[in-house]
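# Examination of the molecular architecture
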Amino acid sequence: MRGGDKTEPAGASQQKIEVRRSARRRSTVTAYRDGDTLVVLIPAGMSRAEEKHWVAEMERKLQRTESRRASPARQSDAALLARCAQLSARYLDRDTLPRSVRWVPPMRTRWASCTPTDRTIRVSERLRDVPSWVLDYVLVHELAHLRVHGHDARFWELVRRYPKTERAIGYLEGLSAAAGWGISELDEE
């Protein structure tokens, strides 16, 4: 922690807060999450009152940003099914709908899976906290399996209708590597 000290303002309750002061920082205040800790970067010359104000402000800003990014599909299986209908309408010509979609306990080797014969999709609980655009990619991937069972060119043509496909694949690969889960594909035939 070069150039700063670590403090936790009075009144910080459930959330861990780490304030880092920097002599190089003149006027900007930034914040990010590091695991379950909110890290707030402030100028070294800032008063304790200003620090308290900016910690509260940055916590509010970060929560707003995170709630905008959060997918409503995280709420329930019914919300997942509704999101699938929206994604099918937008990327798969409305004709690709599952009979059911549900959250399941973390899978060892997959993010999600699809059984085309009974039109069911299962999504790993590990995806509840990913950005909404990543969850949307996983759902589009599984929806595409309702039309094409394997991972051939026709399948990928459908999946790549979702514009953030490559970005989401990279996100999932990074998440798996960082957590040591060893998940490299959404599903394997």
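Above this text is the structure in question.
This section reports on the structure supplied with the text. (Residues numbered from 1 in each chain as written. Predicted model: local features only at pLDDT ≥ 70, side-chain atom pairs only at ≥ 80, totals over all residues. Heavy atoms only, no water.)

## A look at the pattern of salt bridges
Rules: Salt bridges, as used here, are contacts in which a Lys or Arg side-chain nitrogen is within 4 Å of a carboxyl oxygen on Asp or Glu. Counting from the N terminus, the helices are the DSSP runs of H or I reaching at least four residues and the strands are the DSSP runs of E reaching at least two. Relative accessibility under 20% of the residue-type maximum defines a buried residue, over 50% an exposed one, and the middle range a partly exposed one, all with a 1.4 Å probe and only protein chains included.
Enumeration according to the criterion identifies eight salt bridges in this entry. Close ionic contact of R21 with E51 constitutes a salt bridge, the shortest N to O distance being 2.7 Å. Taken together, the residues R21 in strand 2 (residues 16–22) and E51 in helix 1 (residues 48–69) connect sequence positions 30 residues apart. Given the relative accessible area of 8%, R21 is considered buried.

## What about the packing of aromatic side chains?
Short version of the rule: Any Phe, Tyr or Trp ring, taking Trp's six-membered ring, that has another such ring centre within 6.5 Å forms a pair; planes under 30 degrees apart are called stacked, those over 60 apart edge-to-face, and the others tilted.
Under the defined criterion, the tally for this structure stands at four aromatic pairs. Judged by centre distance (5.8 Å) and plane angle (70°), the rings of W111 and W181 are edge-to-face. Pair noted here: W111 is in the loop between strand 5 (100–104) and strand 6 (112–115) and W181 is in the segment after helix 5 (165–179), with a separation of 70 residues, a long-range link. Consider the rings of W133 and Y171, whose centres lie 5.7 Å apart with planes at 75°: the pair is edge-to-face. A residue pair is termed long-range when its members are at least 10 positions apart, and W133 in helix 3 (residues 132–145) and Y171 in helix 5 qualify at 38 residues.

## Some points on the sheet that holds strand 5
As a reminder, the rule being used: Should DSSP find at least two bridges between two strands, the strands are taken to pair. Note on definitions: angles span 0 to 180 degrees between N-to-C directions of axes, and those axes are lines fitted to C-alpha atoms, for helices only across the stretch in contact. Any two residues whose heavy atoms approach within 4.5 Å are treated as being in contact.
One open sheet holds the three strands; their spatial order is 5-7-6, and the pairing between them is mixed. In the strand order of this sheet, the two ends are held by strand 5 and strand 6, each with one partner. Adjacent strand axes in the sheet meet at a mean angle of 15° when their direction is disregarded. Across four bridges, strand 6 lies against strand 7 (residues 120–124) in antiparallel orientation. Its bridge partner being in strand 7, T115 is matched across the sheet by T120. On top of the sheet, helix 2 (residues 77–91) reaches strand 5 and strand 7; it is set at about 130° to strand 5, its chief contact. Sheet strands in contact with helix 3 are strand 5, strand 6 and strand 7, and its direction is about 20° off that of strand 6.

## A few points about the environment of R90
Worth spelling out the cut-off: Each polar contact in these results corresponds to two N or O atoms within 3.5 Å; when the atoms are within protein, one needs to be able to donate a hydrogen and the other to accept it, and residues that are neighboring in sequence are counted only if both atoms are side-chain atoms.
The topology assignment puts R90 in helix 2. For R90, a relative accessible area of 65% corresponds to the exposed category. A sequence separation of 71 residues divides R90 from R161, and the C-alpha atoms of the two residues are 9.1 Å apart. Looking at R90, its side chain comes within polar contact range of the side chain of Y91, at 3.4 Å.

## A closer look at the packing of helix 3 against helix 5
The line we're drawing: For classification purposes, angles smaller than 35 degrees are called roughly parallel, those larger than 145 roughly antiparallel, those between 65 and 115 roughly perpendicular, and all remaining angles oblique.
Two numbers describe how helix 3 lies on helix 5: the axes approach to 9 Å, and their chain directions differ by 105°. Taken as axis vectors, helix 3 and helix 5 run roughly perpendicular relative to one another. Of the residues in helix 5, those touching helix 3 at W133, V134, Y137 and V138 are T165, R167, A168, I169, Y171 and L172.

## Notes on the nonpolar core
Threshold: The term nonpolar core refers to a set of buried residues drawn from Ala, Val, Leu, Ile, Met, Phe, Trp, Tyr and Cys, joined through side-chain atoms within 4.5 Å.
The biggest cluster of nonpolar side chains holds 35 residues, and the ones touching the most others in it are L80, V123, L127, L135, Y137 and L139. Breaking this core down by element, the ones donating at least two residues are helix 2, strand 5, strand 6, strand 7, helix 3, helix 4 (153–159) and helix 5. Of all the elements, helix 3 adds the most residues to this core, at nine residues. Residue contacts for L80: discarding those within four places in its chain leaves A73, V101, R102, W103, V123, L135 and L139.

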